[in-house]
Amino acid sequence: MNRFVKPSASDERQPLSYFNVYRGNTHSHSIFTWTHGAHRTKCMSKLTEPTEFKSHWKVPAGTDYRDWNTINLNPDAYTNLQGLPANHYRLAKENGYDFYAMTDHSQEPTYQPVSKDNHVWKTLQASADEYTTKDFVAIPGFEYSRNVQTNGGKGHINVLNSTEYVNADHGQRGPVPAWPEARWSIPQFYNWAKTAKPRRNKGCVVVGFNHPQANQYNDWDHIDPEIVKSISTFELHTGYKWTRWEAYMRALNKGWKVAPIGVYDNHNIYAITDPEGFPPTQVLAHDLSLESITRALSERRTFVSWIRGVELRYAVNGYIMGSTINKTDRYAFEVQIKTRASHPEERVSKIQVLRNHPQGKDDCEIAAEITLAGDQDEVTWRPEIKDADAKFYLVRVLHNCDVEKDGRPKKMAGSTVSAPVWMEA
């Protein structure tokens, strides 16, 4: 099934100036993730053993910590710690986010029975409609969470902008429900994802791997060309903490075409207003709309940065980052990077073009690099690489603040990492 019909002139060949950088968050949880989050004293391991709400959470009137059916659906009733999707969207919009996605766990009791007519699912959709405007995009979604290793492996996967949702619960939150969706394996989920339809036929369905470990998803198994087309993102960092570089290299080596993103995976509302944080998901899109943002995510036009306000754009042989291009023996790059003029410590000190390791190791090899004086707020670099064997390239940037005095890079945190460009075999 064609998940999105491209216009006659594909964005892949548009000049770099065509794309704007938009910033948001594509992984978050509301009170609809009932069993755990900032509102609970600790996670509930069983529905029959509820844990109390935190004493300083301003609990909406009538809400019982033992009964999810008492959740108050008025966003004005929530003022701290945790709230409804509407509270998340409202705060994100007020704090300068361009887009924000809600992705509560679909195995939660609030989402049972699994149905597009489930009242919680419908509340999420209505909230997204209410808060989407010309300068903010609210995206509804869910997190498929398979937490058992048997029958296909375990792993969490986000889905944005889909008409329906599915559930992988195997009883980890209580007795296994009766409906067949409750036993979906990862291969079954992949088959569903290949044909998932966008909500109201607007934009794209976006599917991505969540906080992956190096050998999750049955060591990146159950792969075929159609599911590779359908899954587009990979969470390289959560909350600007560590980087999942080894897992990312493993996934790329296995043949997945996934672009790096950052997320918060916040089970609270205060991450949105944290003065030390900033929107972690960075995309290149022509305009700010549901269609453009979900298309950019689906077509892998993303980058990750630990630097606030950085802009990274690059093309290979005229194709924008995230593209799959014809294999050749000569690749012409155009790399453009902008940083904030008021922060000289964020200026670019080194740019590297990385390619897949020639010996198949779960790592990259430097194909080209340039060391700069670190005194410019805007940098353009146009290297040409001769290489007949590369499977993919990506760009990594080191800034003044993550390079030692002798030029050696510090830990990965602080760098900027782009989506790859892949070569057709």
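Here, every reference points to the structure presented above.
Please read these numbers as outputs of a predicted model, since none were measured by experiment.

K.L.:
What is the right way to read the overall build of the protein from this model?
P.N.:
When you go through the protein residue by residue, the secondary structure sums to 7 helices and 20 strands. Radius of gyration (C-alpha) of the protein: 21 Å, near the 22 Å computed for a compact globule of 425 residues. C-alpha atoms of the protein, sized along the principal axes, occupy 65 × 45 × 40 Å. In the protein, once contacts between residues fewer than 6 apart in sequence are set aside, the share between residues at least 24 apart is 70%.

K.L.:
How do you make sense of the environment of Val-421 when you look at a structure like this?
P.N.:
Position of Val-421 relative to the elements: it lies in strand E20 (residues 421-423). Owing to a relative accessible area of 0%, Val-421 belongs among the buried residues under this scheme. Setting aside its immediate chain neighbours within four residues, Val-421 contacts Tyr-314, Val-316, Ile-320, Met-321, Gly-322, Ser-323, Ile-325, Lys-391, Phe-392 and Tyr-393.

K.L.:
Looking at this structure, how should I read unusual backbone geometry?
P.N.:
Negative phi characterises most residues that are not glycine, and trans characterises most peptide bonds. Cis peptide bonds are those with omega within 30 degrees of zero, and the linkage from Gln-112 to Pro-113 qualifies with -5°. With respect to the helices and strands, Pro-113 occurs in the loop between strand E2 (99-102) and helix H2 (119-131). Phi is positive for His-211, which is not a glycine, with a value near 25°. With respect to the helices and strands, His-211 occurs in the loop between strand E5 (206-210) and helix H4 (216-220). Taking the relative accessible area as the measure of exposure, His-211 reaches 23% and is therefore partly exposed. The backbone of Asn-317 shows a phi angle near 50°, a positive value even though the residue is not glycine. As for its placement among the helices and strands, Asn-317 is situated in the loop between strand E10 (311-316) and strand E11 (319-320).

K.L.:
Sorry, what's going on with the pattern of salt bridges here?
P.N.:
Opposite charge on two side chains lets them pair, provided their charged atoms get close. According to the stated counting rule, one finds 20 salt bridges in the structure shown. Between Arg-382 and Glu-334 there is a salt bridge, and its shortest N-O distance comes to 3.3 Å. On the criterion of sequence distance, the pair formed by Arg-382 in the loop between strand E16 (378-381) and strand E17 (384-386) and Glu-334 in strand E13 (residues 330-338) is long-range, its members being 48 residues apart. Of the residues examined, Glu-334 reaches a relative accessible area of 26% and is grouped as partly exposed. A salt bridge links Arg-347 to Asp-377; the shortest N-O distance between them is 2.7 Å.

K.L.:
Can you help me understand the nonpolar core in this one?
P.N.:
Nonpolar side chains in soluble globular proteins tend to end up buried together. Formed by 73 residues in total, the largest nonpolar core has its most connected members in Phe-189, Tyr-190, Phe-209 and Trp-256. For this core, the element with the highest residue contribution is helix H6 (residues 245-253), accounting for 6 residues. Those residues within four positions of Tyr-190 in sequence are excluded, and the remaining contacts are Ile-157, Phe-209, Tyr-217, Asp-221, His-222, Ile-227, Ile-231 and Trp-256. Val-21, Leu-312, Ile-385 and Ala-390 belong to the second largest nonpolar core, which has 33 residues in total.

K.L.:
What is the right way to look at helix H1 (residues 85-94) in this model?
P.N.:
Since the α-helix turns once every 3.6 residues, residues separated by three or four places project in the same direction. Most of H1 sits out of view: 7 of its 10 residues are buried. For H1, the set of buried residues is Pro-85, Ala-86, Asn-87, His-88, Tyr-89, Leu-91 and Ala-92. Buried residues belonging to H1 abut E2, H2 and strand E3 (137-146). Two residues or fewer past H1, Gly-96 is found with a positive phi of approximately 85°.

K.L.:
What exactly am I supposed to notice about the pairing of E16 here?
P.N.:
Regular strands have side chains that alternate between both faces of the sheet. Along E16, the buried face is formed by Val-379 and Trp-381; none of Glu-378 and Thr-380, which line the opposite face, is buried. Two elements, E13 and E16, share 4 bridges in a ladder whose sense is antiparallel. Residue Ile-337 lies in a different strand from E16, and its bridge partner there is Val-379.

K.L.:
I would appreciate a short explanation of the packing of H1 against H2 in the present structure.
P.N.:
For any two helices packed against each other, the geometry comes down to the angle between their axes and how far apart the axes lie. With their axes 9 Å apart at the nearest point, H1 and H2 run at an angle of 20° to one another. One element, H1, and the other, H2, form an angle in the roughly parallel class. As H1 packs across H2, the resulting crossing turns out to be right-handed. From H1, Pro-85, Ala-86, Tyr-89, Arg-90 and Lys-93 reach across to H2, where they touch Leu-124, Ser-127, Ala-128 and Tyr-131. Of the residues that constitute the contact of H1 with H2, the class distribution is 6 nonpolar, 1 polar and 2 charged.

K.L.:
What exactly am I supposed to notice about the packing of aromatic side chains here?
P.N.:
The geometry of two aromatic rings is summed up by the distance between their centres and the angle between their planes. Counted under the stated rule, the structure contains 31 aromatic pairs. Between Phe-209 and Tyr-217, the aromatic rings sit 4.6 Å apart at their centres with planes inclined by 50°, giving tilted as the arrangement. Here Tyr-217 falls in the buried class, since its relative accessible area comes to 0%. Here Phe-209 and Trp-220 contribute two aromatic rings whose centre-to-centre distance is 5.0 Å and whose plane-to-plane angle is 85°, an arrangement assigned as edge-to-face. With Phe-209 in strand E5 and Trp-220 in helix H4, this pair connects stretches of sequence that are 11 residues apart. By the burial criterion, Phe-209 is buried, and Trp-220 matches it.

K.L.:
What is the right way to look at the environment of Val-120 in this model?
P.N.:
With respect to the helices, strands and loops of the structure, Val-120 is situated in helix H2. On the basis of relative accessibility, which here comes to 2%, the residue Val-120 falls in the buried class. A sequence separation of 41 residues divides Val-120 from Thr-79, and the C-alpha atoms of the two residues are 20 Å apart. For Val-120, the residues in contact, after removing those within four places along its chain, are Phe-32, Thr-110 and Tyr-111.

K.L.:
Would you mind showing me how to read the pairing of E13 here?
P.N.:
Side chains Tyr-331, Phe-333, Val-335 and Ile-337 of E13 all project onto a buried face; the interleaved residues Arg-330, Ala-332, Glu-334, Gln-336 and Lys-338 project onto a face where none is buried. For E10 and E13, the ladder comprises 6 bridges, and the chain directions are antiparallel. For Val-316, the partnering residue across the bridge sits in E13 and is Phe-333. In this structure, E13 lies alongside E17, joined through 3 bridges in antiparallel fashion.

Conventions and cut-offs
The residue numbers shown here count from 1 along each chain, following its written sequence. Only residues with pLDDT of at least 70 get local features here, since the model is predicted, and only at 80 or more are side-chain atom pairs given and counted; chain-wide, interface and lining totals rely on the full set of residues. Neither water nor hydrogens contribute to the side-chain values; these are computed over all heavy atoms in the structure. The helix and strand labels rest on DSSP assignments: H or I over at least four residues marks a helix, E over at least two residues marks a strand, and numbering proceeds from the N terminus. Computation of the radius of gyration draws on C-alpha atoms, with the globule rule given as 2.2 Å multiplied by the number of residues to the power 0.38. The criterion used for residue contact is that any of the two residues' heavy atoms lie within 4.5 Å. Buried means the residue's accessible area, taken with a 1.4 Å probe over protein chains only, is under 20% of the maximum for its type, while exposed means over 50%, and partly exposed covers the values in between. For salt bridges, the criterion is a side-chain nitrogen of Lys or Arg within 4 Å of an Asp or Glu carboxyl oxygen. Put simply, buried Ala, Val, Leu, Ile, Met, Phe, Trp, Tyr and Cys residues joined by side-chain atoms within 4.5 Å make one nonpolar core. Should DSSP find at least two bridges between two strands, the strands are regarded as paired. Where helices are involved, their axes are fitted lines through C-alpha atoms of the stretch in contact, as for all axes, and angles between N-to-C directions lie from 0 to 180°. What sets the label is the angle itself: under 35 degrees gives roughly parallel, over 145 gives roughly antiparallel, 65 to 115 gives roughly perpendicular, and the rest give oblique. Take the far helix as the reference: if the near one is turned anticlockwise from it by less than a right angle, the crossing is left-handed, and if turned clockwise, right-handed. Ten residues, namely Ala, Val, Leu, Ile, Met, Phe, Trp, Tyr, Cys and Pro, are considered nonpolar, four, namely Asp, Glu, Lys and Arg, are considered charged, and the remaining ones, Gly among them, are considered polar. Note on aromatic contacts: the rings of Phe and Tyr and the six-membered ring of Trp form a pair at centre separations within 6.5 Å, being stacked when their planes are under 30 degrees apart, edge-to-face when over 60 apart, and tilted otherwise.

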